[in-house]
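Coordinate analysis (summary)
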Amino acid sequence: MIDFYDGPGGREAMLCLGPAQGPVVLVALPFWEEANRTRVVAVAMLRALARHGIGGVLPDWPGTGESLVETEKASFAQWRLAHRSVAEMLAARRCYGVSMRGGTLVDGLADLAGRWHLAPMTGEAVLRDVIRLRAAAGLRGDEHGVFGAESPVRVAGNRVSPHFLAELAGAAPSAPEAIPYRVVRLGHDRAPADRTIDAVPPWRRAEPQEDPELAATLAEDIAQWIATCEG
Amino acid sequence: MELQAGSEVEATVRGVLADVLGLSQERVAGFDAETPLFGALPELDSMAVAGVLTELEDRLGILIEDDEVDGEMLETFGQLVAFANAKAQG
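Let me begin by describing the structure that accompanies this report. (Residues numbered from 1 in each chain as written. Chains lettered and ligands numbered in written order. Predicted model: local features only at pLDDT ≥ 70, side-chain atom pairs only at ≥ 80, totals over all residues. Heavy atoms only, no water.)

Remarks on the pairing of strand S5 (residues 95-100) of chain A
Along a regular strand, successive side chains alternate from one face of the sheet to the other. Residue and element names in this part refer to chain A. Judged by how many residues are buried, S5 sits mostly within the fold: six of six residues are covered. In this sheet, S5 lies alongside strand S3 (residues 24-28) in parallel orientation, the contact comprising five bridges. Bridge pairing in S5 links Val-25 to Tyr-96. The sheet contact formed by S5 and strand S6 (residues 114-118) spans five bridges and is parallel. Across the sheet, residue Val-98 finds its bridge partner in S6, namely Trp-116. (Buried < 20%, exposed > 50% of the residue type's maximum accessible area, 1.4 Å probe, protein only. Helix = DSSP H or I, 4+ residues; strand = E, 2+ residues; numbered from the N terminus. Pairing = 2+ DSSP bridges.)

What follows is the structure in structure tokens.
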């Protein structure tokens, strides 16, 4: 079902699946076009988690999905505040952050019972991808070009504020030692991880594609990890 | 960096095109050196180009500089394999 939360830019929609009590995962998708490619797998993963008795919430951030905020007006700080607002709404339950790619940069302000990160990346890595995209689009994206020459910056069809990109420069995934933390990676990603699953990363696919096997594997990994956390 | 045999690199390039562009294995197996890619495959837009390059980096353990990204290296399957081979041989 679709519910709503009050974010920093106004009312935003969120997809809620599974039981309304007990542990719940709050999903932060990757950024921009990668979110479109990953959403179908993320939603299938939440449906599978619901079958494990775990609730799931997938919010729109300001400037994404159904949001009334213009994409180019959204800021990275707003997304982090929006994430915290949703976590506060869910405070009566044990809320776990499930964040993917750039989404792992968004979940740092919320008070969470644990963080489960899929292919976490730094803000610098997000920016490198933006520069590559613009190189591929024939728009040579040197630093000057990315941060100043064009405003908003076009990132695969999304109009992104240059301030948003500048905010990403020093950002890193949050992993305080006080709460459980698990890193899962996909495919040929060689970076350190608790587990690497042999699957094509959905964010790399040219078109959003269903991958029920991957969705089920991710859900099972999260369910087992939450069971361990809940002890 | 470990050396990768040319045929291995070619197989990796086929695998990446199939996975990123969502093409069937049969279709990708039919690609030869002259098969046109950029401009000929509707699936290969700029987002997909970025995905193909990054996935090639991961699978071949190579680094592609963004100023090396041009239409020529993606013009045909043969040119993309030659580019990947040159990178993989370091």
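Comments concerning the nonpolar core
If you look at soluble globular proteins, the nonpolar side chains tend to sit buried side by side. The biggest cluster of nonpolar side chains holds 37 residues, and the ones touching the most others in it are Phe-31, Trp-32 and Leu-168 of chain A. Mapped onto this core, the elements with two or more residues apiece are strand S2 (10-17), S3, helix H2 (76-89), helix H3 (123-136), strand S7 (153-155) and helix H5 (162-168) of chain A together with helix H3 (46-60) of chain B. Two domains each put at least three residues into this core: domain 1 (2-121 + 175-226) and domain 2 (123-172) of chain A. For Phe-31 of chain A, the residues in contact, after removing those within four places along its chain, are Phe-76, Trp-79, Gly-102, Gly-103, Leu-105, Val-106, Val-126, Phe-164 and Leu-168 of chain A. Grouped together as the second largest cluster of nonpolar side chains are 35 residues, Ala-42, Leu-58, Met-100 and Trp-116 of chain A included. (Core = buried A, V, L, I, M, F, W, Y, C linked by side-chain atoms within 4.5 Å. Domains from an automatic or database assignment. Contact = heavy atoms within 4.5 Å.)

A few points about the sheet that holds S2 of chain A
Hydrogen bonds between backbone groups are what pair the strands of a sheet, and the pairing can be parallel or antiparallel. Residues and elements named next belong to chain A. What the eight strands build is an open sheet, ordered S1-S2-S4-S3-S5-S6-S9-S10; its pairing is mixed. The open sheet terminates on both sides in strands that have one partner only, identified here as strand S1 (2-7) and strand S10 (195-197). Taking each pair of neighbouring strands and ignoring which way they run, the sheet shows an average axis angle of 25°. Pairing geometry for S3 and strand S4 (residues 55-59), over three bridges, is parallel. (Axes fitted to C-alpha atoms, helices over the stretch in contact; angles between N-to-C directions.)

Focus: the interface of chain B and chain A
In this assembly, 22 residues from chain B lie in contact with 20 residues from chain A. When the two sides are added together, the surface that chain B and chain A hide from each other amounts to roughly 1900 Å², 53% of it contributed by carbon and sulfur. For the chain B face of the interface with chain A, the top three residues by lost area are Met-47, Asp-58 and Asp-66 of chain B, together amounting to 33%. Counting across the chain B and chain A interface gives four salt bridges. Where chain B touches chain A, the interface holds ten residue pairs in polar contact (both at pLDDT 80 or more). (Buried area = accessible area lost by both parts, 1.4 Å probe. Salt bridge = Lys/Arg side-chain N within 4 Å of Asp/Glu carboxyl O. Polar contact = N/O pair within 3.5 Å; in protein donor to acceptor, adjacent residues only side chain to side chain.)

Points about unusual backbone geometry
All names here are of chain A. For Trp-32, which is not a glycine, the phi torsion comes out positive at approximately 50°. Mapping Trp-32 onto the fold places it in helix H1 (residues 32-51). For Trp-32, a relative accessible area of 11% puts it in the buried group. Positive phi outside glycine occurs at Arg-101, with the angle close to 50°. By the secondary structure assignment, Arg-101 is in the loop between S5 and S6.

Everything listed is a geometric property; what it means functionally is a separate question.
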